[in-house]
Structure formats: structure tokens, C-alpha cells
Amino acid sequence: MNGLIFLSRRARDERGITGLETAIVLIAFVVVAAVFAFVVLSTGLFSSERGKETIFAGLAKTRGSMELTGSIMATSNQTKITAVTFDLTLTAGGAPVSLDSTATANKTIISFHDGQYDVNSVSYTATAITGNGDSALEAGELMEITLDLTTGNMATVAVGANAVFTIEIKPPQGSYMVIQRTTPPSIAHTLINLN
């Protein structure tokens, strides 16, 4: 009888099975934690790459930015404005901007807008004031831009006295530049400072 009691106690002793179940649960927790950590790390790396791409795109956009230097001058035939002249330089020494108005690719486009007219491509000339004399605006260079308001698609535009107009300069890369000015009450002089 003692042997039978010993065997029945031995059959009910489940310490080995409980240890095995605990090991399986522990392994499952480790696997789930590893998968979760992999997902979190992958998401973090992906989002940091996207953030880096956004930063580089923003830097590329601002590197080609231009700024006005000096006054904006207008030429008048005493009834309407015939030309607008201004100087441009790069900000923060960014990437060169092509100001060749005859180029077919990578061309800077200048638009003119006022209350009556919207001209998307104004003919202009770029003259190097400082620099190597080419048509690319590079770091440290100064270019004079002259918009002819009497030829091509600008021939019908009549900018008179007290007129508000906007000039948009759109380089092939980088940010747009917007110039908005109002003509004086009298345009009887042939040379007018629009500042």
C-alpha cells in the first residue's frame, strides 16, 4: 500500500509540466517583444529618413533664393511705364540660377500681374554687373534685370499712374520671388524710382 500511495503522489506531481509551460510563455513574451522592438525601430528609422528628405528638400528650395539689391526703377514715356529695372543677387550663397531668357530648359520665368493683365512669360534681359559675365547668377554676383513692357506679349499692357502691379520671378529650382509695387500719381518723368 505504501508503494501505491507513493505512485499516486508521483502521478499528481506536476512541477515539471508547470516549468515547461512557464518556459513556453517566457519564450512567447521574448518573441513578441522582439517583433515589437523591430517594428518600433523600423518605424523610427523610416520616419527619420522622411524627415531628412524633407530637410534636404527645404534646403534645396532656399539655396536658390534670390533677393533684391538696390532700387526698382521704371522707365516711362510719360503716359505709361515702358520698362522696369532691378538688381538681383543670391541669398546665403546658394546654387546658381540661370537668367538666360533665351534658354529652352532650366529657364527662369518672369510673370507680370496687375488688375487687368496676367502675362506668364515676360521678355527680359539680364546683364551682369559683377561676376564672370555669363547669364548664371552665382554667389557674390549681381545681375541687372530689365523687363520690357512694350514688346511681345506685354505690348497691350498699359501700366499708368497709381497702378499696382506684381512681378513674379520663378527660377527653375528654389523659391519664387515676388515684387509688388505701385506707380506714383504722376509718371511725367522718364525715370521713376518705385521704392
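Since the model is a prediction, treat every value here as computed from it, not as a measurement.

Asker: Talk me through the sheet that holds strand 10 (residues 177-182); I want residue IDs and the actual numbers.
Answerer: In spatial order, the strands read 5-4-9-10; together these four strands make up an open sheet with antiparallel pairing. Edge positions in the open sheet fall to strand 5 (118-119) and strand 10, since each of these has one partner strand only. With two bridges joining them, strand 4 (residues 109-114) and strand 5 adopt antiparallel strand pairing. From the neighbouring strand, F112 faces strand 5, where its bridge partner is V119.

Asker: Can you break down a nonpolar patch on the surface residue by residue, with the values?
Answerer: On the surface, a nonpolar cluster with roughly 490 Å² of combined accessible area is contributed by I27, V31, V35, F38 and V39. Secondary-structure assignment places F38 in helix 2 (residues 15-63).

Asker: How would you summarise the environment of K80 if you had to cite specific residues and measurements?
Answerer: Following the sequence through the fold, K80 ends up in the loop between strand 1 (66-76) and strand 2 (81-90). Separated by 83 residues in sequence, K80 and A163 have C-alpha atoms that sit 10.0 Å apart. Contact partners of K80, with chain neighbours within four places excluded, come to T75, A155, V157, A158, V159 and I187. At 3.5 Å, the side chain of K80 and the backbone oxygen of V157 are in polar contact.

Asker: Explain the sheet that holds strand 6 (residues 124-130) residue by residue, including any values.
Answerer: Overall, antiparallel pairing links the five strands, which are arranged 6-8-2-1-11 in an open sheet. Because the sheet does not close on itself, it has two edges, and the strands there are strand 6 and strand 11 (191-193). The mean inter-strand angle of the sheet, taken between neighbouring strand axes irrespective of direction, is 25 degrees. Relative to strand 2, strand 1 is paired through eight bridges, and the arrangement is antiparallel. From the neighbouring strand, S76 faces strand 2, where its bridge partner is I81.

Asker: Any chance you could break down the confidence of the model for the protein for me, citing the residues and the numbers?
Answerer: Of the residues in the protein, 85% reach a pLDDT of 70 or more, and the chain-wide mean stands at 82. At the low end of the mean pLDDT range in the protein sits helix 1 (residues 2-12), at 56; at the high end sits strand 9 (residues 164-170), at 92.

Asker: Tell me about the nonpolar core, and please be specific about residues and values.
Answerer: The biggest cluster of nonpolar side chains holds 32 residues, and the ones touching the most others in it are F86, F112, I145, L147, I167 and I169. No other element matches strand 2, which puts five residues into this core.

Asker: I'd love a proper account of the packing of aromatic side chains, names of residues and values included.
Answerer: Per the stated rule, a full pass over the model turns up one aromatic pair. Arranged with centres 5.7 Å apart and planes meeting at 20 degrees, the rings of F112 and F165 form a pair that is stacked. Of this pair, F112 sits in strand 4 while F165 sits in strand 9, and the two are 53 residues apart along the sequence. Each of the two residues, F112 as well as F165, counts as buried.

Asker: Break down the side chain of T85 for me, citing the residues and quoting the values.
Answerer: Mapping T85 onto the fold places it in strand 2. By relative accessible area, which is 18% here, T85 ends up buried.

Rules and cut-offs
Residues numbered from 1 in each chain as written. Predicted model: local features only at pLDDT ≥ 70, side-chain atom pairs only at ≥ 80, totals over all residues. Heavy atoms only, no water. Pairing = 2+ DSSP bridges. Helix = DSSP H or I, 4+ residues; strand = E, 2+ residues; numbered from the N terminus. Patch = residues over 30% accessible without salt bridge, like charges linked within 9 Å, V, L, I, M, F, W, Y side chains within 5 Å. Areas by Shrake-Rupley, 256 points an atom, 1.4 Å probe, with all protein chains shown as cover. Salt bridge = Lys/Arg side-chain N within 4 Å of Asp/Glu carboxyl O. Contact = heavy atoms within 4.5 Å. Polar contact = N/O pair within 3.5 Å; in protein donor to acceptor, adjacent residues only side chain to side chain. Axes fitted to C-alpha atoms, helices over the stretch in contact; angles between N-to-C directions. pLDDT = per-residue confidence, 0-100. Core = buried A, V, L, I, M, F, W, Y, C linked by side-chain atoms within 4.5 Å. Buried < 20%, exposed > 50% of the residue type's maximum accessible area, 1.4 Å probe, protein only. Phe/Tyr/Trp six-rings, centres within 6.5 Å; stacked < 30°, edge-to-face > 60°.

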